[in-house]
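# Analysis of the macromolecular model
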Amino acid sequence: MTEQPPPPFEPVDEDWQTALAIVAHPDDMEYGAAAAVARWTAQGKTVVYVMVTSGEAGIDGMDPEQCRAVREQEQIASAAIVGVDVVEFLGHPDGVIEYGLPLRRDIARAVRRHRPDIVITTNFRDTYGGVFPNQADHIAVGRATLDGVRDAGNRWVFRELVAEGHEPWDGVRQVWAAASPDGRHAVDTTEHFDAGVASLEAHRAYLDGLGEGPMSDAAGFLESMSRATGTRLGVRYASSFEVIPLR
Ligand SMILES: [Zn+2]
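Residues numbered from 1 in each chain as written. Predicted model: local features only at pLDDT ≥ 70, side-chain atom pairs only at ≥ 80, totals over all residues. Heavy atoms only, no water.

### Here we look at the sheet that holds strand E7 (residues 185–188)
Definition in use: Note on pairing: DSSP must find at least two bridges between two strands before they are called paired. Secondary structure follows DSSP: runs of H or I at least 4 residues long count as helices, runs of E at least 2 residues long count as strands, and numbering of each begins at the N terminus. We call two residues contacting when some pair of their heavy atoms lies within 4.5 Å. Fitting a line to C-alpha atoms yields each axis, with helices limited to the stretch in contact; the angle taken between N-to-C directions then spans 0 to 180 degrees.
The strand order E1-E7-E8-E6-E5-E2-E3-E4 describes an open sheet built from eight strands, whose pairing is mixed. Two strands bound the open sheet, and with one partner strand each, they are strand E1 (10–11) and strand E4 (87–89). Where helix H2 (residues 64–81) meets the sheet, its contacts fall on strand E3 (46–51) and E4, and the angle it forms with E4 comes to roughly 155 degrees. Each of strand E2 (18–23), strand E5 (118–122), strand E6 (174–178) and strand E8 (238–245) touches helix H4 (residues 136–152); the most contacted strand, E5, lies at about 165 degrees to it.

### A closer look at the packing of aromatic side chains
To describe a pair of aromatic rings, you give the distance between the ring centres and the angle between the ring planes. Our working rule: The pairing test for Phe, Tyr and Trp rings, Trp by its six-membered ring, is centres within 6.5 Å, and the orientation test on the planes gives stacked under 30 degrees, edge-to-face over 60, and tilted for anything in between. Here the term buried applies to any residue with accessible area under 20% of the maximum for its type, exposed to any over 50%, and partly exposed to those in between, with areas from a 1.4 Å probe on protein chains only.
Taken as a whole and judged by the stated rule, the model has seven aromatic pairs. Ring centres of Trp16 and Trp40 lie 5.2 Å apart, and the angle between their planes is 70 degrees; this geometry places the pair in the edge-to-face category. Placement of the pair is Trp16 in the loop between E1 and E2 and Trp40 in helix H1 (residues 34–42), with a sequence separation of 24 residues. Given a relative accessible area of 0%, Trp40 falls into the buried group.

### Quick word on helix H8 (residues 218–233)
Heads up, the condition is: One less than the residue count of a helix, multiplied by 1.5 Å, gives the span that helix is expected to have.
Given a rise of 1.5 Å per residue, 16 residues ought to cover 22 Å, and the 22 Å separating the end C-alpha atoms of H8 matches this to within 8%. Of the surrounding elements, those touching the buried residues of H8 are E7, helix H6 (193–201), helix H7 (204–210) and E8. Directly after H8, the chain includes Gly234, whose backbone phi takes a positive value near 80 degrees.

### Examining H1
In terms of burial, H1 is largely enclosed, as seven of its nine residues are buried. In the core, the buried residues of H1 are packed alongside E3, E5, E6, E7, H6 and E8. Phi turns positive, to about 95 degrees, at Gly44, one or two residues after H1.

### Details of the packing of helix H3 (residues 101–114) against H4
So the rule is basically this: Throughout, the term roughly parallel applies to angles under 35 degrees, roughly antiparallel to angles over 145, roughly perpendicular to angles from 65 to 115, and oblique to all others. If you view the pair so one helix is near and one far, a crossing is left-handed when the near helix is turned anticlockwise from the far one by less than a right angle, and right-handed when it is turned clockwise. Polar here means any residue other than Ala, Val, Leu, Ile, Met, Phe, Trp, Tyr, Cys and Pro, which are nonpolar, and Asp, Glu, Lys and Arg, which are charged; Gly is therefore polar.
Viewed as axis vectors pointing N to C, H3 and H4 meet at an angle of 55 degrees, and their least axial separation amounts to 8 Å. Taken together, the axes of H3 and H4 are oblique relative to one another. The two elements H3 and H4 meet at a crossing, and its hand is right-handed. Contacts between H3 and H4 involve Leu103, Arg104, Ile107, Ala108, Val111 and Arg112 from the former and Ala140, Val141, Ala144, Thr145, Asp147, Gly148, Val149, Asp151 and Ala152 from the latter. Split by residue class, the contact of H3 with H4 holds nine nonpolar, two polar and four charged.

### Some details on the environment of Leu146
Mapped onto the elements, Leu146 comes out in helix H4. Owing to a relative accessible area of 13%, Leu146 belongs among the buried residues under this scheme. In sequence terms Leu146 and Gln174 are 28 residues apart; their C-alpha atoms lie 9.5 Å from each other. Among residues more than four places away in sequence, those in contact with Leu146 are Phe124, Val175 and Ile244.

### A few points about the nonpolar core
Condition: We call a set of buried Ala, Val, Leu, Ile, Met, Phe, Trp, Tyr and Cys residues a nonpolar core when their side-chain atoms join them within 4.5 Å.
Residues Leu20, Ile22, Ile97, Val111 and Val119 are the most contacted members of the largest nonpolar core, which totals 27 residues. Counting only elements with at least two residues in this core, the list comes to E2, E3, H3, H4 and E6. Counting residues per element, this core draws most heavily on H4, which supplies six residues. With residues up to four places along the chain from it excluded, the contact list for Val119 reads Leu20, Ile22, Thr145, Val149, Val172, Gln174, Val175 and Trp176. Met29, Ala38, Ala79 and Ile118 belong to the second-largest nonpolar core, a separate cluster that totals 25 residues.

### Points about the side chain of Lys45
To keep it simple, the criterion reads: For the charge count, each Lys or Arg is scored as positive and each Asp or Glu as negative, with His and the chain ends excluded. Salt bridges are defined as contacts in which a side-chain nitrogen from Lys or Arg sits within 4 Å of a carboxyl oxygen from Asp or Glu. Polar contact criterion, stated in full: a pair of N or O atoms within 3.5 Å, where within protein one must be able to donate a hydrogen and the other to accept it, and residues adjacent in sequence count only if both atoms are side-chain atoms.
Note on placement: Lys45 falls in the loop between H1 and E3. In this structure, Lys45 is buried with no salt-bridge partner, the nearest side chain bearing the opposite charge being Glu14 at 5.4 Å. In this structure the side chain of Lys45 is engaged in a polar contact, spanning 2.9 Å, whose partner is the side chain of Gln43.

### Topic: the coordination of the zinc ion
Note the threshold: The donor definition counts N, O and S atoms within 2.8 Å of each metal and applies 3.2 Å to Na, K and Ca; water is not among these atoms, so some sites may look incomplete.
Here the zinc ion is held by His25 (ND1), Asp28 (OD) and His138 (NE2), and the distances to it run 2.0 to 2.2 Å. Sequence spacing among the residues donating to the zinc ion works out to H-x2-D-x109-H. Placement of the pair is Asp28 in the loop between E2 and H1 and His138 in helix H4, with a sequence separation of 110 residues. Across the pair, His138 and Asp28 agree in class, each one buried.

The structure is reproduced here in structure tokens:
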């Protein structure tokens with residue numbers, strides 16, 4: 001029996017102006033999606049990052065309160081490399097994010113404030129396509145992002161947001177989950193691959209804290225991931241997304 005190659009990816013829609021990326025941790029965008037962000041900001045689009053946590057539980061040898069400041073600074077520097085000037089931190093607890101109404105409300109508030117066309121999050125499926133399980137925070141944030149985007153458009157959900165001055169925003173056309181095993185779309189990142197690597201390498205304290213392994217080799221990890229994705233799009237390097245339409 002011959003093994004079938006995976007099906008080709010379709011290009012994502014790039015006819016938009018503003019995207020809001022909502023992810024659990026500093027470094028989540030950089031493991032595959034940051035090169036695509038570099039492409040979009042180079043096109044003149046605006047991309048804003050919202051981090052649900054500050055990644056304060058991410059370095060075994062560093063106390064969380066010290067780690068929080070280090071990782072926030074690394075994320076801000078990393079984002080700047082791919083043309084993102086606004087990075088916000090929602091302050092939920094790293095490693096133990098709860099899917100629930102407080103998270104949905106915070107996400108809805110961010111969507112109403114930034115009024116994006118596209119919302120980006122990371123894979124919220126149970127695995128990355130093999131047996132290796134996804135992390136609980138990623139699943140909680142991805143699910144809450146889908147729901148919070150809907151909540152942002154409904155005046156009668158989280159009424160306190162209107163009282164705060166945040167009018168409903170129902171302009172989000174699609175939510176894109178990066179590196180999902182259910183991804184069917186991708187974007188050519190060949191011209192921005194190096195910026196993507198540099199943005200991951202900006203998480204220096206985090207990468208050093210990982211020790212030896214595939215996740216700490218920024219260039220090697222992104223090379224193999226982006227090349228495999230690029231092959232399915234017919235280009236050298238690419239980033240993949242699961243596209244969830246909302247309208
Ligand atoms: Zn993460």
